Amino acid sequence: MAGGGFTNAGGGGDFEAKITPIVIISCIMAATGGLMFGYDVGVSGGVTSMPPFLKKFFPTVYRKTVEEKELDSNYCKYDNQGLQLFTSSLYLAGLTSTFFASYTTRRLGRRLTMLIAGFFFIVGVVFNAAAQNLAMLIVGRLLLGCGVGFANQAVPVFLSEIAPSRIRGALNILFQLNVTIGILFANLVNYGTNKIKGGWGWRLSLGLAGIPAVLLTLGATLVVDTPNSLIERGRLEEGKAVLKKIRGTDNIEPEFLELVEASRVAKEVKHPFRNLLKRRNRPQLVISIALQIFQQFTGINAIMFYAPVLFNTLGFKNDASLYSAVITGAVNVLSTIVSIYSVDKVGRRVLLLEAGVQMFLSQVVIAILLGIKVKDHSDDLSKGFAVLVVVMVCTFVSSFAWSWGPLGWLIPSETFPLETRSAGQSVTVCVNLLFTFVIAQAFLSMLCHFKFGIFLFFSGWVLVMSFFVLLLLPETKNVPIEEMTERVWKQHWFWKRFIDDDYGANEKVANFMNATAQRHVKKQQEGEHAALTKKSTSADSDTQ
């Protein structure tokens, strides 16, 4: 979570291109797609801590938090499967719809897939804002999840294909940054709507998601499909015309020819998912899957989904809990900007290892504070300790936002070879959404059973993943994608055995075939030479 991500489209050189109005619209779409996803992530935690919302949809939780406060354990106030399903259903729907979105993106185009996403978002927002019962609420969340699945598949691909190469990286980061801004915006909205008298503020919180949803839909109606998509579907002339339009120049022949060639090569790979399972692709596959699982087991989603609920559990009053969630959201945005400027300077491994130390220490401190100060049936977290808990949570969030957040997506996108890149990205997204769902569905129950030990549980995982990075994750900073095999995998102490064996065997076969071909050519040349000599001798005899 806390991030969406996507691969850069491959491309050889820099082609002539201007920043045209359609590219500007693309930037707006990047913002709305990211804001929509971030807002959906952030809004659920806020509304689930609002008493009027709980009273209407989760009366048992409401009684625990308000009417029977002294009778129930502080850590178990929000332990309710229905409440967890409200948050996690979005990610389950997103995971399922990703498979359909992959098909529509390829067969129907990027633009139509974004329109489908916008439709799901708008209908989901209407269901949520107008919800009269729990079923209506869950249906709304499922529809929003379908929107997330379609948007996260289509918007990133659209952007990476439509943008000139010189601003492609900036658009990648813009999408990631706007997810964090969406979370912050949701926290601010929740803080404001919680003060509305009459108990309908939660409807406004859920309804305001309609703004980025409508913007995304309008954006999708204004843009044209990408040249890549049109060429991929055999509409070459239309693809060439669109390329001229988006690049603002008639000199597009070199880029057009490269797109045609890339489309031809992509079509030759009949079974990319089968290719992904080959021995030589195992390092990339293992690392990308491990990074997605580890990203969720840092505990970040637990904090970002349930920040207000978490702070309420720790004894903060309702306003204070939402206010604290706003602070963590702001820290998330600022720290993502830090990542933008540092990732290509200090490298991926340094950021991940530094963040590992920071996350581990902050979670251990939080666990100790809660173990000492928060008892099962009382709220005796003093103001000083409450501030310290918020500071430690912000320390944790900041380290995640400049490391595992963006890098969990960036590293898989730059390590897969071209023929398995799209399949690798699909696996990455699916694994991420699956474990996002697992954590979202389990966190409140884990909080009830583990109590303050939940932070020790996640800190233990941080320790494991830091050792994984130290031993098994190679540095990919400033390495061209085409040279990953030679410069990264073949040089790594562990992964080289997978590459060398496979590539070594391939090279032997290639050398054998070359030698055979050379012998065949040599024999052919000798035969031709003998025939010519014989013919020449015969001609000489005839002349005599």
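Residues numbered from 1 in each chain as written. Predicted model: local features only at pLDDT ≥ 70, side-chain atom pairs only at ≥ 80, totals over all residues. Heavy atoms only, no water.

1. Some remarks on the overall build of the protein
Along the backbone of the protein there are 23 helices and zero strands. Considering the protein as a whole, with its 544 residues, one finds that 54% of them fall into the buried category. In the protein, the proportion of contacts linking residues at least 24 apart, taken out of those at least 6 apart, comes to 81%. (Helix = DSSP H or I, 4+ residues; strand = E, 2+ residues; numbered from the N terminus. Buried < 20%, exposed > 50% of the residue type's maximum accessible area, 1.4 Å probe, protein only. Contact = heavy atoms within 4.5 Å.)

2. Digging into the nonpolar core
Ranked by internal contacts, the top residues of the largest apolar core, which has 119 residues, are F53, F58 and W404. Broken down by element, this core gets its largest block of residues, 13 residues, from helix α6 (residues 134-162). Discounting residues that sit within four places of it in the chain, W404 has contacts with L291, F294, Q295, T298, L352, M359, M465 and V469. Ranked by size, the runner-up nonpolar core spans six residues in total, among them L276, L285, F416 and V431. (Core = buried A, V, L, I, M, F, W, Y, C linked by side-chain atoms within 4.5 Å.)

3. What about the packing of helix α17 (residues 348-373) against helix α21 (residues 453-472)?
The geometry of α17 relative to α21 is characterised by a closest axis approach of 9 Å and an angle of 165 degrees between their N-to-C directions. Classified by the angle between their axes, α17 and α21 sit roughly antiparallel to one another. Seen along the crossing, α17 lies across α21 with a hand that is left-handed. For the pair α17 and α21, the contacting residues are R349, L352, L353, G356, M359, F360, Q363, V364, I366, A367 and L370 in the first and F455, L456, F458, S459, V462, L463, S466, V469 and L470 in the second. (Axes fitted to C-alpha atoms, helices over the stretch in contact; angles between N-to-C directions. Parallel < 35°, antiparallel > 145°, perpendicular 65-115°, else oblique. Left-handed = near helix turned anticlockwise from the far one by under 90°.)

4. A few points about a nonpolar patch on the surface
Together, L463, F467, L470, L471 and W493 give the surface a local cluster of nonpolar side chains, amounting to about 520 Å² of exposed area. Inspection of the secondary structure puts L470 in helix α21. The class of L470 is partly exposed, set by a relative accessible area of 44%. (Patch = residues over 30% accessible without salt bridge, like charges linked within 9 Å, V, L, I, M, F, W, Y side chains within 5 Å. Areas by Shrake-Rupley, 256 points an atom, 1.4 Å probe, with all protein chains shown as cover. Salt bridge = Lys/Arg side-chain N within 4 Å of Asp/Glu carboxyl O.)

5. Let's talk about empty space enclosed by the protein
Here the structure, examined in full by the defined rule, presents two cavities of 30 Å³ or more. Taken as a whole, the second largest cavity spans an internal volume of roughly 40 Å³. Along the walls of the second largest cavity sit Y39, D40, V43, V125, N128, R141, L144, L206 and A209, which together make up its complete lining. Every element with two or more residues in the lining of the second largest cavity is listed here: α1 (21-47), α5 (110-129) and α6. When residues in the lining of the second largest cavity are grouped by element, the largest group, three residues, is from α1. Classifying every residue of the lining of the second largest cavity by side-chain character gives six nonpolar, one polar and two charged. (1 Å grid on protein atoms, 1.4 Å probe; cavity = no way out; pocket = protein on both sides within 12 Å on 5 of 7 lines; lining within 4 Å. Points joined across faces, edges and corners; volume = space filled by probe spheres on them. Nonpolar A, V, L, I, M, F, W, Y, C, P; charged D, E, K, R; others polar.)

6. Structural notes on the packing of aromatic side chains
Applying the stated criterion across every chain yields a total of 20 aromatic pairs. Looking at K56, its charged tip hangs above the ring of F57, at a distance of 5.9 Å from the centre. Note that R141 overlies the ring of F86, its terminal NZ or CZ placed 4.9 Å from the centroid. (Phe/Tyr/Trp six-rings, centres within 6.5 Å; stacked < 30°, edge-to-face > 60°. Lys NZ or Arg CZ within 6 Å of the ring centre and 35° of its normal.)

7. Focus: the confidence of the model for the protein
For the protein, per-residue confidence averages 78 on the pLDDT scale, and residues scoring 70 or more make up 78% of the total. Element-level pLDDT for the protein is lowest in helix α23 (residues 496-543), with a mean of 53, against a maximum mean of 93 in α21. Contacts for the low-pLDDT stretch residues 1-13, under 50 throughout, to residues beyond four places or in other chains number 50 contacts. In the model, residues 502-518 has pLDDT below 50 throughout and makes nine contacts with residues more than four positions away in sequence or in other chains. (pLDDT = per-residue confidence, 0-100.)

8. Describing unusual backbone geometry
A positive phi is found at K451, a non-glycine position, where the angle reads about 55 degrees. By relative accessible area, which is 24% here, K451 ends up partly exposed.

9. Points about the side chain of S362
By the element assignment, S362 lies in helix α17. We classify S362 as buried; its relative accessible area is 2%. In contact with S362, other than residues within four places in its own chain, are M392, T395 and F396.

10. Considering helix α4 (residues 81-107)
Along its 27 residues, α4 runs 38 Å from first to last C-alpha, staying within 8% of the 39 Å computed at 1.5 Å per residue. T87 marks where α4 bends most, by close to 45 degrees. Positive backbone phi, approximately 105 degrees, marks G109, located one or two places after α4. (Expected span 1.5 Å × (residues − 1). Bend = angle between axes of the 7 residues up to and from the residue.)

11. A few points about the environment of C430
Position of C430 relative to the elements: it lies in helix α20 (residues 421-450). C-alpha of C430 to C-alpha of G149: the two residues are 281 residues apart in sequence and 9.6 Å apart in space. For C430, the residues in contact, after removing those within four places along its chain, are L95, T98 and F99.

12. Observations concerning the packing of α5 against helix α9 (residues 210-222)
Closest axis-to-axis distance for the α5/α9 pair is 8 Å, and the angle between their directions is 155 degrees. The angle between the axes of α5 and α9 places the two elements in the roughly antiparallel class. Read as a crossing pair, α5 and α9 show a hand that is left-handed. Where α5 abuts α9, its residues R111, M114, L115, G118, F119, F121, I122 and V125 lie against G210, A213, V214, L216, T217, A220 and T221.

13. Some remarks on the pattern of salt bridges
Pairs may arise between side chains of opposite charge once their charged atoms sit close together. If you walk through the whole model with that rule in mind, you get four salt bridges. When the shortest N-O distance is used, the salt bridge between R235 and E238 registers 2.9 Å. Overall, the relative accessible area of 36% leaves R235 in the partly exposed class.

14. Points about the environment of G219
By secondary structure assignment, the location of G219 is in helix α9. Taking the C-alpha atoms as reference points, G219 and L115, 104 residues apart in sequence, are found 8.8 Å from one another. If we skip the residues at most four places from it in the chain, G219 touches I25 and M29.

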